[in-house]
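Working through the structure, step by step
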Amino acid sequence: MSIKVVNITKSYGSFTAVKDVSLEIPEGKLVALLGPSGSGKTTLLRLIAGLESPDRGQIYFNGEDNTHRHVRERRVGFVFQHYALFRHMTIFDNVAFGLTVRPRKFRPSKEEIRERVHELLRLVQLEGLAHRYPSQLSGGQRQRVALARALAVEPKYLLLDEPFGALDAKVRQDLRRWLRRLHEKLKLTIVFVTHDQEEALELADSVVVMNEGRVEQTGSSQEVYHQPANPFVYGFLGRVNLFQGRIRGGKVTLGNAEFTAEWSNQSEELPAVGYVRPHDVELSRTPQHAQSLAAEVRHIYALGSLMRLELKRLDTQETLEAEVTLQQFAELNVQTGDTLYITLRNVYVYVEPENRFVQAALPAASALALRANG
Ligand code: ADP
Ligand code: MG
């Protein structure tokens, strides 16, 4: 069951929360809506569910126009971040709720409901807790009950709004894996809202990056991370170093380092900003080639499996971060105050006057050779 959103706009008074959004969610996929707080994720999810109606645009479920269909007819299941379970009801009754409130004509028999609920509790691995009350469960268990309750009515689509947002890091990680497996088993179409880039990248078949009510980019985890469409996506998906520079005729200059980029404007020199991820800053004790830049080590942070170094470039005085493995760190044998040489890999360049974001490369091998007189 696919979902297609076409040019949807939704305003509250004079404020537009969702601006001309179009996207396709293929059948059986798990798609993440990722963006900062206030970017319109919840509004978009509520529009898909039918809890809000759009000012403009259409929403199709499996090719059928659902824009004006009532929420009850859309066969969607929901889980919200703080979807409080009914406190006075047992876990069993919470999960059974959606079935027991059906009109008599559509309501399964008591026995059928009992079977369905136990099957769902097995699915979310809470068998044996049916007679407990929500207050007797952990946060992670409660969210699994909320998922079981959403699944009880056999929805065709599952819409999850930051379902693990209130839980601690370890529980969140476990639930992510668990949800991934559940998705593989049930093959439901799932739309998952999160502001956590790691969660989106780890979970989703495809990621929709939102900002200020618009979609900035849609793609696989790999695409949005490694081929970001613009500076917003780049900055939102990971840590970033910024360097001030210039571009002219395909030649990018960031301080003393030069790069090449595909660039059609040959005549003008324009200001450009280089974007580099900390793990793309290569470190060495001695200069590796003509584009190596000297930098002083200011701070060293142990991050567990990685080491993060804060450095200051000696050519531009700009500060930057580099991340290396423990082994690389040991081989560098480095201390605060030492001078290292850095090579910037996988550089992206933003040219603001032309609003273009292009990938840059180190010059060809011959230009990389160490200058003889250094
Ligand atoms: P997100 O889920 O990405 O944090 P929301 O979709 O909840 O973002 O909200 C997007 C913007 O729309 C926010 O600025 C929010 O204040 C506004 N908004 C959401 N719902 C309403 C509403 N019912 N009335 C007025 N403004 C709203
Ligand atoms: Mg929200």
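Let us look at the structure shown here. Given the structure is predicted, the values throughout are model-derived calculations rather than measurements.

A look at the pattern of salt bridges
Oppositely charged side chains may form a pair once their charged atoms are brought near each other. Summed over all chains, the structure comprises 25 salt bridges. The salt bridge involving E199 is made with R172; its shortest N-O contact spans 3.1 Å. Of this pair, E199 sits in helix α6 (residues 197–203) while R172 sits in helix α5 (residues 169–186), placing them 27 residues apart in sequence. Note that R180 and D205 form a salt bridge whose closest N and O atoms lie 3.2 Å from each other. Placement of the pair is R180 in helix α5 and D205 in the loop between α6 and β9 (206–211), with a sequence separation of 25 residues. One connected set of salt bridges, linked through shared partners, spans R172, R176, R177, D196, E198, E199 and E202.

Overview of the site of ligand 1
Close to ligand 1 lie Y12, F15, A17, P36, S37, G38, S39, G40, K41, T42 and T43, which account for all nearby residues. Contacts to ligand 1 include K41, whose side-chain N or O atom sits 2.8 Å from an oxygen atom. Here T43 contributes a side-chain N or O atom positioned 2.5 Å from an oxygen atom of ligand 1. For ligand 1, whose accessible area on its own is 570 Å², the fraction buried by protein is 59%. Every element with two or more residues in the shell around ligand 1 is listed here: β2 (15–25) and α1 (41–49). Ranked by residues supplied to the shell around ligand 1, first place goes to α1 with three residues. Here the shell around ligand 1 is built from residues that sort into four nonpolar, six polar and one charged.

A look at the environment of E212
Positionally, E212 belongs in the loop between β9 and β10 (214–219). On the basis of relative accessible area, E212 is assigned to the exposed category, the value being 58%. Each C-alpha atom, one on E212 and one on L34, is 12 Å from the other, the two residues being 178 residues apart in sequence. Sequence-distant contacts of E212, that is, excluding residues within four places in its chain, are made with K19 and S39.

A short note on the side chain of E318
Its place among the elements puts E318 in the loop between β17 (306–313) and β18 (319–325). A distance of 2.8 Å separates a polar atom in the side chain of E318 from the backbone nitrogen of Q244. Among the polar contacts made by the side chain of E318, one reaches the side chain of T316 at a distance of 2.9 Å.

Details of unusual backbone geometry
The phi torsion of most residues other than glycine is negative, and most of the peptide bonds are trans. The phi dihedral of E154 falls on the positive side, at around 50°, and the residue is not glycine. Relative to the elements of secondary structure, E154 occurs in the loop between α4 (139–152) and β7 (157–161). The phi dihedral of N346 falls on the positive side, at around 50°, and the residue is not glycine. Relative to the assigned elements, N346 resides in the loop between β19 (339–344) and β20 (347–351).

With respect to the packing of helix α3 (residues 110–123) against α4
For the pair α3 and α4, interaxial distance at closest approach is 9 Å and the crossing angle is 135°. By the angle between their directions, the pair α3 and α4 is classed as oblique. Of the two elements, α3 crosses α4, and the hand of that crossing is right-handed. When α3 is examined against α4, the residues R116, L120 and L123 are found in contact with a partner set consisting of A148, L151 and A152. Tallied by class, residues from the contact of α3 with α4 come to five nonpolar, no polar and one charged.

Focus: the packing of α4 against α5
Taken N-terminus to C-terminus, the directions of α4 and α5 make an angle of 20°; their axes are 11 Å apart at the nearest point. With respect to each other, α4 and α5 are oriented roughly parallel. The element α4 and its partner α5 pack so that their crossing is right-handed. Between α4 and α5, the residues in contact are G140, Q143, R144, L147 and L151 and V171, L175, W178, L179, L182 and L186, respectively. Residues that form the contact of α4 with α5 fall into these classes: eight nonpolar, two polar and one charged.

Analysis parameters
- Residues numbered from 1 in each chain as written.
- Chains lettered and ligands numbered in written order.
- Predicted model: local features only at pLDDT ≥ 70, side-chain atom pairs only at ≥ 80, totals over all residues.
- Heavy atoms only, no water.
- Salt bridge = Lys/Arg side-chain N within 4 Å of Asp/Glu carboxyl O.
- Helix = DSSP H or I, 4+ residues; strand = E, 2+ residues; numbered from the N terminus.
- Near = heavy atom within 4 Å.
- Polar contact = N/O pair within 3.5 Å; in protein donor to acceptor, adjacent residues only side chain to side chain.
- Areas by Shrake-Rupley, 256 points an atom, 1.4 Å probe, with all protein chains shown as cover.
- Nonpolar A, V, L, I, M, F, W, Y, C, P; charged D, E, K, R; others polar.
- Buried < 20%, exposed > 50% of the residue type's maximum accessible area, 1.4 Å probe, protein only.
- Contact = heavy atoms within 4.5 Å.
- Axes fitted to C-alpha atoms, helices over the stretch in contact; angles between N-to-C directions.
- Parallel < 35°, antiparallel > 145°, perpendicular 65-115°, else oblique.
- Left-handed = near helix turned anticlockwise from the far one by under 90°.

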